[in-house]
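The lines below spell out each chain.
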Amino acid sequence: MALVYKTLGYLQFPYLSIPYGTGGQAAAQGCQFFVGRGDLPVGAQFELLQGFGVGAQFNVRLYNNTNLRILCEFPSRGAAVTGGGNNAWGNPMGRGLNWNASTTAASGTNSFDVKNVNTDIVEQLWRAGAGVKTGITLDCDTELAQGISVDTFMMKSNLSTSATVRLIGSTVSNFSSVGFDEQLGGTGSNDDEILYIAEDLPLDKFRYWRLEIADATNPEDIEIGVIVFGESIIFHQECFVDQVKLTKTNFVDSIPTAGFTTVQNDRGIKKKLNLEFKSLDYNKANYPAMLNIFDFARTVLKCLWVPTPEYPKRFMIFGKLTKIPQETHNVKARDIDYVNFNLEVDEAR
Amino acid sequence: MSNSDRKQYLNITTLDQDSLDQMHDNLVTKLGLVIEIEAPPFEEVALPFTIISPGLVQFTKVGHGLETGNTVTASSSTSPAMDGDHSITSFTDDTFQLNTGGTPAAGTADCLSLITIYASDENIYVGDTFYKALLNFPTVKRIMGEWLSPTLEFSTVSISLSNVDGSLNKFLPGGINYGGWFQRSVKIRMGLRDVASTYTTIFSGSITDIGGVGRTIKSIDMVARDDFDKVNVSFPSNTITTTAYPDIEDSIEGELKPVIYGDWTTNLDEKTGASIPCLPTNGANAGVLAGTTNLDLLLSDNANKSFDIASVTLVRSDTVFLFNSADVTSVSANNNDFQLKQEFSGGVTLIDGVKYIYKSGDKFLCKMVGKDLGGVFDDDNIVSQAEDIILTHSSLTGADLDASWATYKAKSAPAQSAIAGIKSRVYVKEPTKVITYVLSMFEQVRLEAFLDRNLKLKITSLHFEDFPDPIPFAVENWDIEDKQFKPKVDVRNNFNVAQGLFNLLPGTEENNNKTPRYRNQATIDQNKGKTIAQGIVFPNLYVRADVINQTIEILRLASSYFEIINSTQTWRSLLLDIGDFVSLNVEIGATVFSGAPAMIRQIGYSPKGRKLVLKLWSFQMLPYPGYNPGHDGIVGGYNATITEEV
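In this text the structure is predicted, and so the values were computed from the model without any measurement.

J.: Is there a simple way to explain the overall build of chain A in this structure?
T.: Helix and strand counts for chain A come out as two helices and 19 strands. Of the contacts made within chain A by residues no fewer than 6 positions apart, 69% connect residues no fewer than 24 positions apart. Here chain A has roughly 16,600 Å² of accessible surface; of this, 50% comes from carbon and sulfur atoms.

Written out as structure tokens, the structure reads:
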């Protein structure tokens, strides 16, 4: 089941309620744009997709890099359908075999295959060949002819703070021409994640994406646990309240002993994030977007949640909803309905 | 500020007692449990292939399920250059390409790709292998059987692999790789973190036909039994058939050919003078019944060292007759069958004044020496005989036996424990489990066998002089899980009077001899005159002095007051093994043990907390060389006074 993108509505002249451009132009397209009200900045961008003789067709998106964003679908993992022939690397389409690495560590059980970057299991790794620290490329064929644009990118790895990572988008599989080129930099000192949030709505789409990695001083072999990128669902105007609860859970097996001590087996630390939403307007786009996520990801799919894209690593979490939240509706009238709920995302599920 | 490493578990790369102790100082470790399950393979016979380019061939098989990285073992009668292991370089849903290296011509090949499921209770790399979180482990146990009740308990493990996502459907009925699961191997290993060299196999077995493999809507369930199921086989296994012996009598057809070891020329039935039965194998032959044809007689399935032609005895209606050795003929080179001349085939032996003619129901006995073990040890050596039984009648090999076999085979002192000098013999005709029989042999000389942590069959002893001093591993309160230290009296193995019954003779199927009754008077006095008597059976021993020695030593053990302690201990005890001793320094409520020796009888590996579930045999009240408890009320042990009843 894919995400459902709802149109904003279709009206015929003279029933447009808010003047925009010219009434004749909007009515001819059969659509209405609602981008804000009063003095509030809206940051709306419009992407021109296709032109027809009868007029223009617009993909309308409100974009910001300040509010909560959730990446639920991962075109970085290739196409959704099977039976479509082979991708650029000679592998069957739709099987999650859409990455090609310039180097891979030897394993008698094929345990470091580059396909591992496509799993939700962050512990399952792609590992570079022993000692290969520079000149590493990981190429992704999204298996989508029209390509994808990337406004959110996340990679979990063991790269050092001095690593350089370059993300390239291209329409050709040999990357002889480059349409997108972004230096992602190192991982920072305190975690193992690289995050990229586009400053502006990316307007170009590319089928092929490449990561160029160099990390000459890393004492370990280069490893990547997961890579996801694509277009996020982005909240605008409304957001979660400022009381964000972040919990780290140390998973241990404990043996309380007869010696008044507890002996333990450490199995790792995982994060949990609680976000509270208050008074989301039932009639605005954020609430339906969240419902859309609940229906799509449910409590079974991991999504990338970035509550604060301006300082993304602070609360970023790649996890599942622990449960679909209970909604409390403050219903005053049919069109006056404000929704409260708390949600919890757990990366250990 | 201290700069000591308090998280050694993240850096240590060897797993020994020192490293476990270090980690225990900080009360934390990181131990992993992983499982490898052999799944039904991809297997195709005479699969056509085409040549894509030199060294690259393509097979077409709809829904083959293989992927890049899989290895295919190919063999081709039409194109030998295909033979060998080749990796898949690319594939589609219906084709796969192999890099053959050589340049085969197009043809057909038999293809086999082994598939192993790597799983764990967490997502973890061990070495260069990734184990996916697919199951919760059960407790895996290894057990030494009850003393004086020789059984080896086998570990059985029930595994439930998560299949909620259907990723294992290909191995189930209707799936691409569905095939037989029985006898597929299962290995469970435990070790430190991702350090492959620290992982040891705590279970190695195969999926059984009992329980086997099943499925639920969210799992594949399977039952595996450890590899030592191989010794859970019966012997003898060869039967007397009409195919091999067309003139066999109905009453003998289907009987098993006996297995014989040791010296059967001495300490025999006084009445018959011989004890090894000889089975007539042509008793229904008309010539035999007419006395014109020699009677064929079979001793054993195995070849024997010698056969005494002057010892062949007839038992007819409780009357015993000795055959003239001149009538014993055609003795086989293996000394396991011969012929007997009759009245009209040249026989001279008179039975009640008449030359002998076979009658159905006649019984024959003889003296002989069983299988020639051909080694440096005596054919009478009980450990050598046990070893040969295992290697001959089960699928174990010498590599499955621990070095302790050689040690105990050669043990020559003190006298009561000198295995090399204790004489044993074996006659088995009824179906008997190999391991049960071997454990029974060992019990008679105070040895026990168990599967050690290297999954080899190992021998340990209950010889006082073998008990360790000092004991290197001390168990303290903080090694024991709260509320999981439970002592109880070992009622079964506490007795103060014993008598040995020995020398089981196949002719009579009874133990032919008894020792005097022996008693530990101090124990009896301690129990206000209460005697607890036990008969101890030594069917394989036939030398009186040997049996008396063993009876006295067993009584010294059993009259000392044993306790069994069920204890759950932390992972600091991980490297302990069955048969190891620990020194109990435990004071929990009313249970006080101060330096008390205890022998481990059972080990279980519990996945929750990576803890050890142990069954200990406390020797708190059992003095042995180097251990003198110093408690009041010591009545048993190596220096206990055992007296013969008069």
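Structure shown, so let's carry the discussion forward.
J.: Mind showing me how you'd approach the pattern of salt bridges here?
T.: Should their charged atoms come close, side chains of opposite charge can pair. Residue and element names in this part refer to chain B. For the structure shown, the criterion picks out 41 salt bridges over all chains. Between Arg572 and Asp21 there is a salt bridge whose closest N-O contact spans 2.9 Å. Taken together, the residues Arg572 in the loop between strand S39 (563-569) and strand S40 (581-588) and Asp21 in helix H1 (residues 17-25) connect sequence positions 551 residues apart. Its relative accessible area of 11% is what places Arg572 among the buried residues. On the basis of relative accessibility, which here comes to 26%, the residue Asp21 falls in the partly exposed class.

J.: Is there a simple way to think about helix H2 (residues 286-297) of chain A in this case?
T.: Because an α-helix packs 3.6 residues into every turn, residues spaced three or four apart end up facing the same way. For H2(A), built from 12 residues, the straight-helix expectation of 16 Å at 1.5 Å per residue is met to within 8% by its first-to-last C-alpha distance of 16 Å. Most of H2(A) sits inside the fold, with nine of its 12 residues counted as buried.

J.: Sorry if this is basic, but what is going on with helix H3 (residues 382-393) of chain B here?
T.: Residue and element names in this part refer to chain B. The first and last C-alpha atoms of H3 sit 16 Å apart over 12 residues, in line with the 16 Å expected at 1.5 Å per residue. Judged by how many residues are buried, H3 sits mostly within the fold: 10 of 12 residues are covered. Looking only at H3, the buried set comprises Ile382, Val383, Ser384, Gln385, Ala386, Glu387, Asp388, Ile389, Ile390 and His393. The distance from a side-chain oxygen at the start of H3 to the backbone nitrogen of Val383 is 2.9 Å, and the residue carrying that oxygen is Asn381.

J.: Is there a simple way to think about a nonpolar patch on the surface in this case?
T.: All names here are of chain B. On the surface, Val489, Val491 and Tyr561 cluster together to form a nonpolar patch covering roughly 280 Å² of accessible area. Along the polypeptide, Tyr561 turns up in the loop between helix H7 (544-558) and S39. Tyr561 gets classed as partly exposed once you look at its relative accessible area, which sits at 40%.

Rules used in this analysis
- Going along each chain's sequence as written, the residues are numbered from 1 onward.
- Whichever chain is written first becomes A and whichever ligand is written first becomes 1, with later ones labelled in order.
- With the structure being a predicted model, the display of local features is reserved for residues of pLDDT at least 70 and the display and counting of side-chain atom pairs for 80 or more, all residues being used for whole-chain, interface and lining totals.
- Side-chain descriptors were evaluated using all non-hydrogen atoms of the structure, hydrogens and water having been removed beforehand.
- A helix here means a DSSP run of H or I that spans at least four residues, while a strand means a run of E at least two residues long, and both kinds are numbered starting from the N terminus.
- In what follows, a contact means two residues having at least one pair of non-hydrogen atoms within 4.5 Å.
- Residue-level accessible areas treat just the shown protein chains as cover; the underlying method is Shrake-Rupley with a 1.4 Å probe.
- Throughout this description, the term salt bridge denotes a Lys or Arg side-chain nitrogen within 4 Å of a carboxyl oxygen of Asp or Glu.
- Buried residues are those whose accessible area, probed at 1.4 Å on protein chains only, stays under 20% of the maximum for their type, while exposed residues exceed 50% and partly exposed ones sit between those limits.
- Working rule for helices: expected span equals 1.5 Å times residues minus one.
- Polar contacts, as counted here, are pairs of nitrogen or oxygen atoms within 3.5 Å of one another; within protein the pair requires one atom able to donate a hydrogen and one able to accept it, and residues that are adjacent in sequence qualify only if both atoms are side-chain atoms.
- Here a patch means residues that are over 30% exposed by relative accessible area and free of salt bridges, tied together within 9 Å if like-charged and within 5 Å if nonpolar (Val, Leu, Ile, Met, Phe, Trp, Tyr).

Shape descriptors only; they carry no functional weight alone.
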